[in-house]
Amino acid sequence: EGSYMKANLKTSVLPLLAAAISCALPLVAGAGDHGNDRHYSSNFTPIVNEVRKIVLSLPKETLAKYGSVLRTPCVTGPEFGAMGVHLINHEFVDGILDASKPEALIYEPQSSGKLRIVGVEYIVPKEAWDALHPNPLDRPSLLGHLLNFVSPPNRYGIEGGFYEIHVWAFEDNPKGALTDWNPDVTCEKQPIPRM
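Below you will find a few notes about this structure.

Cut-off values and rules
- Residues numbered from 1 in each chain as written.
- Predicted model: local features only at pLDDT ≥ 70, side-chain atom pairs only at ≥ 80, totals over all residues.
- Heavy atoms only, no water.
- Helix = DSSP H or I, 4+ residues; strand = E, 2+ residues; numbered from the N terminus.
- Buried < 20%, exposed > 50% of the residue type's maximum accessible area, 1.4 Å probe, protein only.
- Salt bridge = Lys/Arg side-chain N within 4 Å of Asp/Glu carboxyl O.
- Disulfide = S-S within 2.5 Å.
- Phe/Tyr/Trp six-rings, centres within 6.5 Å; stacked < 30°, edge-to-face > 60°.
- Pairing = 2+ DSSP bridges.
- Arc of directions from axis to C-beta.

Position of Val118 among the secondary structure elements: in strand β5 (residues 115-125). Since its relative accessible area comes to 0%, Val118 is described here as buried. Residues Val118 and Val167 lie 49 residues apart in sequence; the distance between their C-alpha atoms is 8.9 Å.

Shown next, in the form of C-alpha cells:
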C-alpha cells in the first residue's frame, strides 16, 4: 500500500530540516496560526468547507504519519506564488481517491521557523488508477471536480505521472480554491538546510 510514493519519493525528494517538520504537527495548532497578515475567507466553496472539516477531524495517529517518511521542500511557482511544503502520508497514495484520506497536507514556512497549514493535495498515481479503472474515459474526481494530470518527470518522481488536485482549505487563493499555485503563499521563509 502506498508503494508508488515510497519507491519513488525516497530517492527523489530532499528532506527538510527535521525541526521545521516537527513544528508542522500537530495540525490543529498549525491551522490556528495564521500570522498577522493572513485570514480565512468566509466565502469558502462547498468542497473547501468539506475538505477543511475532514482535515480538522483526522485522528492524531493519522496526522503523525504525514511527513514521517515523505515530504517535499517548499515548492515555488515558475512565475507566481507557491504550493508550499508537502507532508505526504504514503499509505494513502494508491489508486483510490477518498476525500477523507488526503495524500498530502500543505504548509507554508513562517519566519518563526514553524510551518502553517494552508491546504491539501489529493494524489493518485496514473498507473494505479488505470489498474483499477480500465475505461480510459474514467478519470478521478473529488466531490465533483476532476483532478489534473501531471506527467513525468514530476515533483514526486512518480513514473507514469499522477492525477492531483489542490484544495486551499486554510488559505485564500485569489486564483481559485482548487488551482495548483497560490500567489498568497511563499517559500521565502523556508530555512536553508545546513550542510
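For the coordinates displayed, the defined rule picks out 6 salt bridges. Ionic pairing is found between Glu50 and Lys53, a salt bridge with its closest N-O pair at 3.4 Å. Separated by 3 residues within a single helix, Glu50 and Lys53 lie in helix α4 (residues 46-56), roughly one turn from each other. Its relative accessible area of 53% is what places Lys53 among the exposed residues. Residues Glu171 and Arg116 are paired through a salt bridge, measuring 2.8 Å at the closest nitrogen-oxygen approach. Here Glu171, found in the segment after β9 (162-167), pairs with Arg116, found in strand β5; they are 55 residues apart in sequence, far enough to count as distant. When sorted by exposure, Glu171 lands in the same class as Arg116, which is buried. Linked by salt bridges that have partners in common, Glu108, Arg116 and Glu171 make up one network.

With that out of the way, let us pick up the state of the cysteines. If you walk through the whole model with that rule in mind, you get 1 disulfide. Note that Cys74 is cross-linked by a disulfide to Cys187, the S-S spacing being 2.0 Å. Across the S-S bond linking Cys74 and Cys187, the dihedral sits near -80 degrees, which makes this disulfide left-handed. Of the two residues, Cys74 sits in the loop between β1 (70-71) and β2 (75-76) while Cys187 sits in the segment after β9, which places them 113 residues apart along the sequence. Across this residue pair, the class does not change: Cys74 and Cys187 are buried.

Here the focus is the packing of aromatic side chains. Per the stated rule, a full pass over the model turns up 3 aromatic pairs. Where Tyr66 meets Phe92, the ring centres are 6.4 Å apart and the plane angle is 75 degrees; that geometry is what we call edge-to-face. With Tyr66 in the loop between α5 (60-63) and β1 and Phe92 in the loop between β3 (82-88) and β4 (104-109), this pair connects stretches of sequence that are 26 residues apart. A single burial state applies to Tyr66 and to Phe92, both of which are buried.

Let's shift gears to the pairing of β5. β5 sits mainly inside the fold: 11 of its 11 residues count as buried. Following β4, the chain reverses through 5 residues before pairing antiparallel with β5; Gly113 in that reversal takes a positive phi of roughly 95 degrees. Here β5 pairs with β9 via 6 bridges, running antiparallel. In the sheet register, Ile123 faces β9, and the bridge partner there is Glu164.

For the rest of this paragraph, the subject is unusual backbone geometry. For the peptide bond that leads from Pro152 to Pro153, omega is -10 degrees, which places it in the cis range. For Pro153, the location among the structural elements is in the loop between β8 (148-150) and β9. Although it is not a glycine, Leu143 adopts a positive phi angle of roughly 50 degrees. In this fold, Leu143 is placed in the loop between β6 (141-142) and β7 (145-146).

Buried within α4 we find Ile47, Val48, Val51, Ile54 and Val55. For α4, the angular spread of buried residues about the axis comes to 125 degrees, placing them on one side. Opposite the packed face of α4, turned more than 90 degrees from it, sit the exposed residues Pro46 and Lys53.

Remember that the coordinates give geometry; whether it matters functionally is a separate question.
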